[in-house]
Amino acid sequence: MIKSVVLTPVLFALSLAPALGQSLTLSDDEAAALTARIEDDTYGSVTSVLILSDGQPVYENYFAGADADTLHDTRSVTKTVTSMAVGAAIADGRLSLDTPVARYFPELMPFDRPDARKLAITVEDLLTMSSPLECNDWNEFSRGNEERMYLVEDWSEFFWDLPVRGFPSWQTPPADSPYGRAFSYCTAGVQLLGEVVGRATGEAFTDYAERRILTPLGIEDLAWAMNGQGQAHMGGGLRLSARSLGALGELYRTGSPDLLPDSWIAASLDHHASIPDTPGWEYGYLWWLMPYEVAGETYWSAAMTGNGGNRVMILPDFGVTLVFTNTDYNTRQMHQNAQAFFETEVVARLQESAD
């Protein structure tokens, strides 16, 4: 059973309510101008853009040699697919949000640097990037930085060997943080979470995710990156076409109770942690929550994001799903370009239709 979650009225409406009156449209001239801006590298090294309005494509185009069949390397967009598999496992009665995950790794016990707080880490801690372990991909000196994980064979052991995170006086501890959680971006924790899904369901994660989520959505052409132990890279290694990425966004925009309960989708898009050094942005269950404004009102988008400037964004209040793929990996402007595209080519058009 899914653990009950208190949902704010605004976000429940965001995930489940019908779209508002404004719709997103592009004339032929506007589409041609948009294509020209992309080809002029206004938004970086774009490989595909797909904009859906109420499920129908209003713009679809491919660049830099990509086409509708190209499987895009969207990196951490995969993290949200792992969250989807967690939701399925909870719906199937195999996990709960408060399940301690250490129990699934008896072969690695006792963990290095034993600490009772390791044994208390839950599914929800990993879904919200708020485990107590010292793991921060945004800090090159972090012991848990993902680049260090890629250098070792056993990625689960890598996670459990990490020390407990410290909070000097200039940092905010969980007890004083919004929602009682201190966010720290940790790919190793998401990788472990995917392994938990596999062990809890008795299936390889890839088999379970494909059977429960991907195949029912018609997603069959895909590619998983694997580590040295033959495990899928569940924090950043699934390649999909732009249309398949759009189908994943649509799943959360419209809901599909046969795949995931509406209560799980609503909980996934609820606010569970604040993002440090990113004013206004918050975090759901491996979903980024980003505010935007139309006609003087603030709304929330939900996004799957990845290195390179890759995004799948849903704007349920306006019936919009956006797929934006880009190959500007590890560059200063990658996320700024994606955000500029969202604000200029999507939000501004919604504003125009509201005026």
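Located above this text is the structure these notes cover.
Residues numbered from 1 in each chain as written. Predicted model: local features only at pLDDT ≥ 70, side-chain atom pairs only at ≥ 80, totals over all residues. Heavy atoms only, no water.

**Q** Residue-level account of the pairing of strand E9 (residues 297-306), with values.
**A** The element E9 is largely enclosed, with a buried count of eight among its ten residues. Taking the residues that link successive antiparallel strands as the turn, the strand E8 (residues 288-294)-E9 hairpin has two residues, and the phi of Ala295 there is positive, at about 55°. As judged from the five bridges shared by E9 and strand E10 (residues 310-315), these two strands associate in the antiparallel manner. Opposite Ala303, over in E10, you have Met313 as the bridge partner. Between E9 and E10, which follow one another and run antiparallel, lie three residues, and Gly308 among them has a positive phi close to 100°. (Buried < 20%, exposed > 50% of the residue type's maximum accessible area, 1.4 Å probe, protein only. Helix = DSSP H or I, 4+ residues; strand = E, 2+ residues; numbered from the N terminus. Pairing = 2+ DSSP bridges.)

**Q** Explain the sheet that holds strand E7 (residues 282-283) to me, using residue names and the numbers behind them.
**A** Strand order in the open sheet formed by eight strands is E2-E1-E11-E10-E9-E8-E7-E6, and the pairing between neighbours is antiparallel. Because the sheet does not close on itself, it has two edges, and the strands there are strand E2 (56-62) and strand E6 (273-274). By the bridge criterion, seven bridges tie E8 to E9 in an arrangement that is antiparallel. Within E9, the position partnered with Met290 by the bridge is Ser301. Helix H2 (residues 28-39) rests against strand E1 (46-53) and E2 of the sheet, and its axis sits at about 35° to E2. Against the sheet, helix H10 (residues 242-254) engages E1, E2, E9, E10 and strand E11 (320-326), with an angle of about 145° to E11. (Contact = heavy atoms within 4.5 Å. Axes fitted to C-alpha atoms, helices over the stretch in contact; angles between N-to-C directions.)

**Q** Give a detailed account of empty space enclosed by the protein, specifying residues and quantitative values.
**A** Applying the stated rule across the entire model yields three cavities of 30 Å³ or more. The computed volume of the largest cavity comes to approximately 60 Å³. Forming the walls of the largest cavity are Asp125, Leu126, Met129, Ser130, Ser131, Leu133, Cys135, Ser184, Cys186, Gly189 and Val190. Going through the elements one at a time, helix H5 (123-127) and helix H8 (187-201) are the ones with two or more residues in the lining of the largest cavity. Split into classes, the residues belonging to the lining of the largest cavity amount to six nonpolar, four polar and one charged. (1 Å grid on protein atoms, 1.4 Å probe; cavity = no way out; pocket = protein on both sides within 12 Å on 5 of 7 lines; lining within 4 Å. Points joined across faces, edges and corners; volume = space filled by probe spheres on them. Nonpolar A, V, L, I, M, F, W, Y, C, P; charged D, E, K, R; others polar.)

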